[in-house]
Structure formats: C-alpha cells, structure tokens
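Structural description and commentary
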Amino acid sequence: MKSIPAVCSGNDTLGTGTLLNPFGICDCVDLQNVSNNLSANYKLYSDIDCIDTINWNSGAGFLPLGTYTGTFDGNNHTISNLDILRNTSDNIALFSNVTNSIIKNVYIQNPQIIGDEYVGVLAA
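Residues numbered from 1 in each chain as written. Predicted model: local features only at pLDDT ≥ 70, side-chain atom pairs only at ≥ 80, totals over all residues. Heavy atoms only, no water.

1. Details of the packing of aromatic side chains
Under the defined criterion, the tally for this structure stands at five aromatic pairs. Here the aromatic rings of tryptophan 56 and phenylalanine 62 are separated by 6.1 Å at their centres, their planes lie at 25°, and the arrangement is stacked. Phenylalanine 62 gets classed as buried once you look at its relative accessible area, which sits at 0%. When the ring of tyrosine 68 is compared with that of phenylalanine 95, the centres are 4.9 Å apart and the planes differ by 35°; the resulting orientation is tilted. (Phe/Tyr/Trp six-rings, centres within 6.5 Å; stacked < 30°, edge-to-face > 60°. Buried < 20%, exposed > 50% of the residue type's maximum accessible area, 1.4 Å probe, protein only.)

Have a look at this one:
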C-alpha cells in the first residue's frame, strides 16, 4: 500500500493554481472541485480511487468538469474507478471539452463512462 504524501495530509488549499505552484489534487473531491476554476493549473499528488462516485449525484456519478483551459499534470498517478453515468447527456468524460490545454502524465483505470453523444474517458 502506498503512503499518502505529506502534501495531501489535511492541506485543502495546496498551491495557487499557477504553472509553478499548481493546485494539488489528492482525492476525488479535489478532482471534482477542478470545475470551480477551469483555467487554473493542477497536479495529482497521489493515486486516487473514485469508487464512491457511483453514489454521487443520485447515481449519476461524477459531474464532468466542463471546458478546461489550464494544465493538468497527472504526475504519473492513476485515477481509478471513476463513474460518470449520464446516458442522455452529451460531452461526457472527465473533461467535457479541452481548449488550449495540456493534460499529461495521468492514467485512468477501470472507468465507467456512459453518455449520449461525444463520450470519452479523458475528454469528450
């Protein structure tokens, strides 16, 4: 079992969202909160298991993050068990859309992504 890095221990204001000091993501709630600032820069600081997202939003799961314009560095970590179950919605993926973005070094394992049109895992 991997240990939780010190950067993820109770610090919910990690980073400033710049390229040199990106906001930190340590769990699925942090990941969902990316939608609060879609132009900021983010970095994963640990592997995250999103198994509980199946219970979010009355069973619809994780809410896609919208149109992203920042840099998202997965830091060679894995997001696993992400559920997005929106069979009548379009642009369904972790990011609904990306524009002038960099998304790198992130792995997605065992996702369950269901939508109508323009469905993907990382971006729709």
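The discussion continues.
2. Quick word on the nonpolar core
Among the nonpolar cores identified, the biggest contains 22 residues, and Ile25, Leu31, Ile48, Phe62, Phe72, Ile79 and Leu94 are the most heavily contacted of them. Among the secondary structure elements, those contributing two or more residues to this core are helix 1 (28–32), strand 2 (42–44) and strand 5 (71–80). The contacts of isoleucine 79, once residues within four sequence positions are left out, are Leu31, Leu44, Ile48, Cys50, Leu94, Val106, Tyr107, Ile108 and Gln109. (Core = buried A, V, L, I, M, F, W, Y, C linked by side-chain atoms within 4.5 Å. Helix = DSSP H or I, 4+ residues; strand = E, 2+ residues; numbered from the N terminus. Contact = heavy atoms within 4.5 Å.)

3. Re the state of the cysteines
Overall, the coordinates contain one disulfide when judged by the stated rule. Disulfide pairing places cysteine 28 opposite cysteine 50 at an S-S distance of 1.8 Å. As the torsion about the S-S bond is roughly -110°, the cysteine 28-cysteine 50 disulfide counts as left-handed. Taken as a pair, cysteine 28 in helix 1 and cysteine 50 in the loop between strand 3 (48–49) and strand 4 (67–68) lie far apart in primary sequence, 22 residues in all. The class of cysteine 50 is buried, set by a relative accessible area of 1%. (Disulfide = S-S within 2.5 Å.)

4. Remarks on the environment of leucine 19
Relative to the helices and strands, leucine 19 is located in the segment before strand 1 (23–25). On the accessibility criterion, leucine 19 (63% relative accessible area) is exposed. Considered as a pair, leucine 19 and glycine 70 are 51 residues apart in the sequence and their alpha carbons are 8.9 Å apart. Once you skip the residues sitting within four places of it in the chain, leucine 19 turns out to touch Asn41 and Thr71.

5. Side note on the side chain of histidine 77
Take histidine 77: it is sitting in strand 5. Looking at histidine 77, the relative accessible area reads 16%, which means it is buried. The contact partners of histidine 77, leaving out residues within four places of it in the chain, are Leu44, Tyr45, Ser46, Asp47, Asn105, Val106 and Tyr107.

6. Topic: the pairing of strand 5
Across the ten residues of strand 5, eight count as buried, placing the element largely inside the fold. Relative to strand 5, strand 2 runs parallel, the two being bridged by two bridges. Within strand 5, the residue paired with tyrosine 42 across the bridge is phenylalanine 72. In this structure, strand 3 lies alongside strand 5, joined through two bridges in parallel fashion. Bridge pairing in strand 5 places aspartate 49 opposite serine 80. Across seven bridges, strand 5 lies against strand 8 (residues 102–109) in parallel orientation. From the neighbouring strand, isoleucine 79 faces strand 8, where its bridge partner is isoleucine 108. (Pairing = 2+ DSSP bridges.)

Everything listed here is a matter of coordinates, which is why it stays silent on function.
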